[in-house]
Amino acid sequence: MSATRRWTAVAALALVPAQGFAHVMEVAYNLPVPLWMYAYGATGALLASFVVIGYFVKADAGHFESRTTREVHGRVAGALGAPALWRSLRVVAVALLVLTIASGLFGTSQPAANFNITFFWVIFGLAIPYLSAAVGDIYGLVNPVEAICRALRRTVPALFRERAAYPPWLGYWPALAMYIGFIWLELFGHAAPRTLSIVLLGYVVLSAALAAVFGIATWARYLDFLGIFLRLIAKMAPVEIVKPESAAGTARFRLRAPFSGLLAEHPEHLSLVVFVLFMLSSTAFDGVHDTVPWVTLFWKHLFPWIQTVGTGGHARPYVEVVGTFYYWQWLMMSLSPFAYFSVYVFFIALTKWVTGARENVGELARAFAFTLIPIAFVYHVTHYFTLLLAQGPAIVSLLSDPLGRGWNLFGTRGHGESVLLDAGTIWHTQVWLILIGHVVSVYLAHIEALRLFRSGRRAMRSQLPMLVLMVVLTTAGLWILSLPIAAGQVLEPPTTAAPAE
Amino acid sequence: MTAAFFAFRPTEGLTPVATVAPPPNPVASERGSDAASAAGTAASATASAVESSPSVASAAPLPSSGPLAGTVQTIDLVVARGRLVQGPRVITARAGDHVSIRITSDAEDELHLHGYNLKLHLQPNEPQTLSFDARRTGRFTYELHRHDVELGALEVYPR
């Protein structure tokens, strides 16, 4: 068997694990962004960066310090912050969590007909983050897992009495590990409704156990990766929601300049920096992992090498071979935040070198980490907004028939028309979103630099490496959007080779 | 770009609209007719699934009409044991092209094209043809329902 033929055979047989999952796979209908649009986008990012830099030429730090948040008072604020309102919303949140778990356990195994798949992945996974970016960290107030823990504590106070102090060195590492697991479930888990519900139930139990050991507040701060993810995104919102001390207190609202929340504090732990970078790398990986170049890289270049090294050149059963492809995908996904972190730290080290800053690399890495969130966010939106529009409206119908048994509880079954956009609209939205995110990140990083380095000249110099990094990230994001997709086919067999049999 | 958690809802996307000249033996499913009125506007597709012998299908490609009229494409696919053994994995078209997918399967099955939401019943070793105007742009996968496997994708680019 020639090398090409063997490779073709492998590529064709790589379809094996996909069987049985075709029904739960992918709804993305995005076409790759055309090359010319990618080129324009990348050039635009570069030009926009210089415009931002030019804007700061005569700026000093004090100019940006004066922008403060303004607390909202009056009747509207009082009504919006009323404990009764948030208590009811918490009840709704707990009810939705219970419904999500129950519909998976007792409802249809058809993913599209079960409430839990659409609600968890599309409404909770996409609509809630985008809403948080607009109106602030609502989830922090209604977190259903936290609400369950608090309710349990009211009944049995001894349950949550902080048995151990949370080890400071652990930081956000456990949350990052859970976040990686979450993305694995999304991309590779092919979780049927029932499996998803079992995982969610497990998460609730694990969370309650962790809260019982370290205390509810510590769990919410360091261990609830969903809450942390939404909290980070909500820092972009023009509204800061101040959580009351107790459940009976009134929530307060502060208005602030959009994105200024990202500058309000630095991550207190390096693990949160890696968490932020995983927000970037997980979406980038999702974009790249089923494209033709990525798949070719494995089957054409890595796989022959693995085969030679691993088996001494002997052919192995194809199912085993296919396994290596998936393990490789999982490994790359799990390593992606650390790869991005290394690149980030490299540019931060350059920043330190060109400015002669006294702060060490770790401190500088923490100082600029949150300024990457707008880029991470627009990556996310460009990858998933079409899915939100295509599948999100289905929730209207699913609410009436959560178990997929033909019920019509609220008379909404069959309603909720999915929105499919034409390719041109999608491409333009994607490129513009990426450019806007890029400009915001460059702008924020410059303000951060002015605060850190005080002098305008030093700040400007410090921003050259950061600018290169952000142009690289933005160009990479656009490039990924322009790659041809190989999903479900693994690779098109070359026409010269015989069919695999 | 891919989120691997569910397939298109059967009612989502386009609903096949009646063809100009109804085929003698239409087998395209017309589920989701409640959405027909809305779907018929911006990106309506004239869809038909014609059961025909290979000679008939290749001899009489349907001419397309209208301002977006494009080229006529006939794609031959051969499926054996739930796998594509002949034909392209990706069908590339321009908006407005008239596409005919002629498929021969060794077993009874159902072909489902997402996005356009077209279905074609397959009989063993009898070529079947799915013909439609590719008016909706995007990348839409098609799968075999019985074998539960994705065969490939239709990529319709803007003109």
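Residues numbered from 1 in each chain as written. Chains lettered and ligands numbered in written order. Predicted model: local features only at pLDDT ≥ 70, side-chain atom pairs only at ≥ 80, totals over all residues. Heavy atoms only, no water.

Q: How would you sum up helix 10 (residues 193-214) of chain A? Please name residues and give values.
A: All names here are of chain A. Taking 1.5 Å per residue as the helical rise, helix 10 with its 22 residues ought to reach 32 Å, and the 31 Å between its terminal C-alpha atoms agrees with that figure. If you check which residues of helix 10 are buried, you get Pro193, Leu196, Ser197, Leu200, Tyr203, Val204, Ser207, Leu210, Ala211, Ala212 and Phe214. Next to the buried residues of helix 10 lie helix 5 (83-106), helix 6 (115-135), helix 8 (144-155), helix 9 (173-187), helix 11 (216-223) and helix 12 (225-234). (Helix = DSSP H or I, 4+ residues; strand = E, 2+ residues; numbered from the N terminus. Expected span 1.5 Å × (residues − 1). Buried < 20%, exposed > 50% of the residue type's maximum accessible area, 1.4 Å probe, protein only. Contact = heavy atoms within 4.5 Å.)

Q: A description of the environment of B:Leu84 should follow, citing residues and the corresponding values.
A: Residue and element names in this part refer to chain B. Residue placement: leucine 84 occurs in strand 3 (residues 83-86). By relative accessible area, leucine 84 is classed as buried at 13%. Each C-alpha atom of the pair leucine 84 and arginine 139 lies 19 Å from the other, and the pair is 55 residues apart in sequence. Beyond its immediate sequence surroundings of up to four residues, leucine 84 is in contact with Leu77, Val78, Val79, Arg89 and Leu151.

Q: I'd love a proper account of the domain arrangement of chain A, names of residues and values included.
A: Where interface size is given, it is often the accessible area lost as the parts come together that is meant. All names here are of chain A. Per the domain assignment, the segments of chain A are domain 1 (1-69 + 262-493) and domain 2 (70-255). At the junction of the two partners, domain 1 supplies 47 residues and domain 2 supplies 51 residues. Carbon and sulfur atoms supply 78% of the area buried between domain 1 and domain 2, which totals about 4200 Å² over both sides. Among the residues of domain 1 in contact with domain 2, Thr69, Phe275 and Phe377 are the three that bury the most area, contributing 15% of the side total. For lysine 235, the salt bridge goes to glutamate 265, with nearest N and O atoms at 2.4 Å. Where domain 1 touches domain 2, the interface holds 11 residue pairs in polar contact (both at pLDDT 80 or more). (Domains from an automatic or database assignment. Buried area = accessible area lost by both parts, 1.4 Å probe. Salt bridge = Lys/Arg side-chain N within 4 Å of Asp/Glu carboxyl O. Polar contact = N/O pair within 3.5 Å; in protein donor to acceptor, adjacent residues only side chain to side chain.)

Q: Let's hear about the nonpolar core: which residues, and what values?
A: Core analysis: the biggest nonpolar cluster contains 143 residues, and A:Phe275, A:Tyr344, A:Phe368 and B:Phe132 have the highest contact counts within it. Looking at this core element by element, the count peaks at 12 residues for helix 13 (residues 270-288) of chain A. Among all residues touching A:Tyr344, those that are not within four sequence positions of it are A:Val273, A:Leu277, A:Leu364, A:Ala365, A:Phe368, A:Ala369, A:Leu372 and A:Leu469. A:Val33, A:Ala42, A:Ala423 and B:Tyr157 belong to the second-largest nonpolar core, a separate cluster that totals 14 residues. (Core = buried A, V, L, I, M, F, W, Y, C linked by side-chain atoms within 4.5 Å.)

Q: Describe the packing of aromatic side chains, listing the residues and the values that go with them.
A: Residues and elements named next belong to chain A. Taken as a whole, this structure holds 37 aromatic pairs over all chains when the rule is applied. Measuring from ring centre to ring centre gives 6.0 Å for phenylalanine 120 and phenylalanine 182, while their planes differ by 75°; the resulting arrangement is edge-to-face. With a gap of 62 residues between them, phenylalanine 120 in helix 6 and phenylalanine 182 in helix 9 connect regions that are remote in the sequence. By relative accessible area, which is 8% here, phenylalanine 120 ends up buried. Through pairs of rings, three or more aromatic residues link up here, namely Trp184, Phe188, Phe285, Trp294, Phe298, Trp299, Phe303, Phe325, Tyr326, Tyr327, Trp328 and Trp330. (Phe/Tyr/Trp six-rings, centres within 6.5 Å; stacked < 30°, edge-to-face > 60°.)

Q: How would you sum up the packing of helix 10 of chain A against helix 11 of chain A? Please name residues and give values.
A: When two helices pack together, their arrangement is given by the angle between the helix axes and by the axis-to-axis distance. Residues and elements named next belong to chain A. At a minimum axis distance of 7 Å, the contact between helix 10 and helix 11 shows a crossing angle of 120°. By the angle between their directions, the pair helix 10 and helix 11 is classed as oblique. Helix 10 and helix 11 meet at a crossing whose hand is right-handed. Listed contacts from helix 11 to Tyr203, Ser207, Leu210, Ala211 and Phe214 of helix 10 are Ile216, Thr218, Trp219 and Leu223. Broken down by class, the residue content of the contact of helix 10 with helix 11 amounts to seven nonpolar, two polar and no charged. (Axes fitted to C-alpha atoms, helices over the stretch in contact; angles between N-to-C directions. Parallel < 35°, antiparallel > 145°, perpendicular 65-115°, else oblique. Left-handed = near helix turned anticlockwise from the far one by under 90°. Nonpolar A, V, L, I, M, F, W, Y, C, P; charged D, E, K, R; others polar.)

Q: Please give an account of the sheet that holds strand 4 (residues 90-94) of chain B that cites residues and values.
A: Residues and elements named next belong to chain B. If you trace the five strands from one edge of the open sheet to the other, you get 4-10-9-6-7, paired in mixed fashion. If you trace the sheet from one side to the other, it starts and ends with strand 4 and strand 7 (118-122), each paired once. Recorded for the sheet is a direction-independent mean angle of 20° between the axes of neighbouring strands. For strand 6 (residues 109-113) and strand 9 (residues 138-144), the ladder comprises three bridges, and the chain directions are antiparallel. (Pairing = 2+ DSSP bridges.)

Q: If you had to explain the sheet that holds strand 3 (residues 252-255) of chain A to someone new, which residues and values would you point to?
A: On the basis of which strands lie adjacent, the open sheet formed by three strands has the order 1-3-2 (chain A) and antiparallel pairing. Two strands lie at the open edges of the sheet, namely strand 1 (70-71) and strand 2 (239-242) of chain A, each paired on one side alone.

Q: A description of a nonpolar patch on the surface should follow, citing residues and the corresponding values.
A: Residues and elements named next belong to chain A. On the surface, Val76, Leu80, Leu85 and Leu89 cluster together to form a nonpolar patch covering roughly 330 Å² of accessible area. Listing elements by their share of the nonpolar patch, those giving two or more residues are helix 4 (74-81) and helix 5. Tracing the backbone through its elements, the reader meets valine 76 in helix 4. Under the relative-accessibility criterion, valine 76 is labelled exposed at 60%. (Patch = residues over 30% accessible without salt bridge, like charges linked within 9 Å, V, L, I, M, F, W, Y side chains within 5 Å. Areas by Shrake-Rupley, 256 points an atom, 1.4 Å probe, with all protein chains shown as cover.)

Q: How would you summarise the environment of A:Pro83 if you had to cite specific residues and measurements?
A: Residue and element names in this part refer to chain A. Within the fold, proline 83 resides in helix 5. Put simply, proline 83 and arginine 161 are 78 residues apart on the chain and 25 Å apart in space, counted from C-alpha to C-alpha. Excluding anything up to four places from it in sequence, proline 83 contacts Ala247, Ala248, Gly249 and Thr250.

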